[in-house]
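This is what each chain is made of:
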Amino acid sequence: GQQVMQIPQYQHVQEGEDFTTYCNSSTTLSNIQWYKQRPGGHPVFLIQLVKSGEVKKQKRLTFQFGEAKKNSSLHITATQTTDVGTYFCATKYIGNQFYFGTGTSLTVIP
Amino acid sequence: DSGVTQTPKHLITATGQRVTLRCSPRSGDLSVYWYQQSLDQGLQFLIQYYNGEERAKGNILERFSAQQFPDLHSELNLSSLELGDSALYFCASSAGTGHTEAFFGQGTRLTVV
């Protein structure tokens, strides 16, 4: 079935270090969305990428969509304790079904 | 505050029972999505309604059903509950059908004992 894999599953970084999570699909994606879920919270929409090779930035966050539209990445520069949470990619497949990736849980050590 | 309201926040019920979860979308949003989040399954898409009509169906069990009312609020009905149904149930809403900038509610934590 359709599946969106994310790696790594967990990441511990020292505050100030960079962090990257990757999202991979076996099929071409029409778009990719990224969400952040703080511990005990609900998913919060971050961004949507649509075009092949697209790169978008939000302050210290950089989002990329692969040229083949089968993978995406989220990179955080100089992590802060406020970046703690689980980052999910999500996409819509044929049949209008929405799939969330397995998520990457980020821990930032002060 | 996302503007999406879910009630109740917590629910504890026994196996075999039936419960109804309620969601009020953000003002102006026509789409409502239901998700189940459990530790071992992650975020699983259940179903989407758009302006009162079922739009997409995911991994929703036959024991579960949903509907969206004319005022656009939605209800998720879970029946013949099993221990494995214990999870966080999220509702999200968006203006259109494409899940763009979907806003999630705080969730309902269901515990089946």
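Below is a summary of the structure that appears in this document. (Residues numbered from 1 in each chain as written. Chains lettered and ligands numbered in written order. Predicted model: local features only at pLDDT ≥ 70, side-chain atom pairs only at ≥ 80, totals over all residues. Heavy atoms only, no water.)

Bringing the pattern of salt bridges into the picture now. In total, this model carries six salt bridges over all chains according to the counting rule given. Across the salt bridge formed by Asp83 of chain A and Arg60 of chain A, the nearest N and O atoms sit 2.9 Å from each other. Taken together, the residues Asp83 of chain A in the loop between strand 8 (71–76) and strand 9 (85–92) and Arg60 of chain A in the loop between strand 6 (55–58) and strand 7 (61–65) connect sequence positions 23 residues apart. Across the pair Asp29 of chain B and Arg26 of chain B runs a salt bridge whose closest N-O atoms are separated by 2.9 Å. Classification of Asp29 of chain B by relative accessible area gives buried; the value is 2%. By relative accessible area, Arg26 of chain B is classed as partly exposed at 25%. Among the charged side chains, a salt-bridge network with shared partners connects Arg63, Glu82 and Asp85 of chain B. (Salt bridge = Lys/Arg side-chain N within 4 Å of Asp/Glu carboxyl O. Helix = DSSP H or I, 4+ residues; strand = E, 2+ residues; numbered from the N terminus. Buried < 20%, exposed > 50% of the residue type's maximum accessible area, 1.4 Å probe, protein only.)

Before going further, it helps to spend a moment on empty space enclosed by the protein. The tally for this structure, following the rule as stated, stands at one cavity of 30 Å³ or more. By volume, the largest cavity is sized at about 40 Å³. If you trace the largest cavity, you find it lined by Asn31, Gln33, Ala90, Thr91, Lys92 and Phe98 of chain A together with Gly98 and His99 of chain B. Looking at the lining of the largest cavity, the element that brings in the most residues is strand 9 of chain A, giving three residues. Class assignment of the residues belonging to the lining of the largest cavity gives a composition of two nonpolar, five polar and one charged. (1 Å grid on protein atoms, 1.4 Å probe; cavity = no way out; pocket = protein on both sides within 12 Å on 5 of 7 lines; lining within 4 Å. Points joined across faces, edges and corners; volume = space filled by probe spheres on them. Nonpolar A, V, L, I, M, F, W, Y, C, P; charged D, E, K, R; others polar.)

On to the layout of surface pockets. By volume, the largest pocket amounts to about 860 Å³. Residue lining of the largest pocket: 36 residues in total, with Phe88 and Thr102 of chain A together with Gln37, Ser38 and Gly42 of chain B positioned closest to the centre. Within the residue set of the lining of the largest pocket, elements represented by two or more residues are strand 1 (4–7), strand 9, strand 10 (98–100) and strand 11 (104–109) of chain A together with strand 4 (31–38), strand 5 (42–50) and strand 9 (87–94) of chain B. Looking at the lining of the largest pocket, the element that brings in the most residues is strand 5 of chain B, giving four residues. A class-by-class count of the residues in the lining of the largest pocket yields twelve nonpolar, 21 polar and three charged. Of the voids in this model, the second largest pocket is the one considered here, and its volume is about 190 Å³. Lining the second largest pocket are Lys36, Arg38, Leu46, Gln58, Lys59, Arg60, Leu61, Thr82, Asp83 and Tyr87 of chain A.

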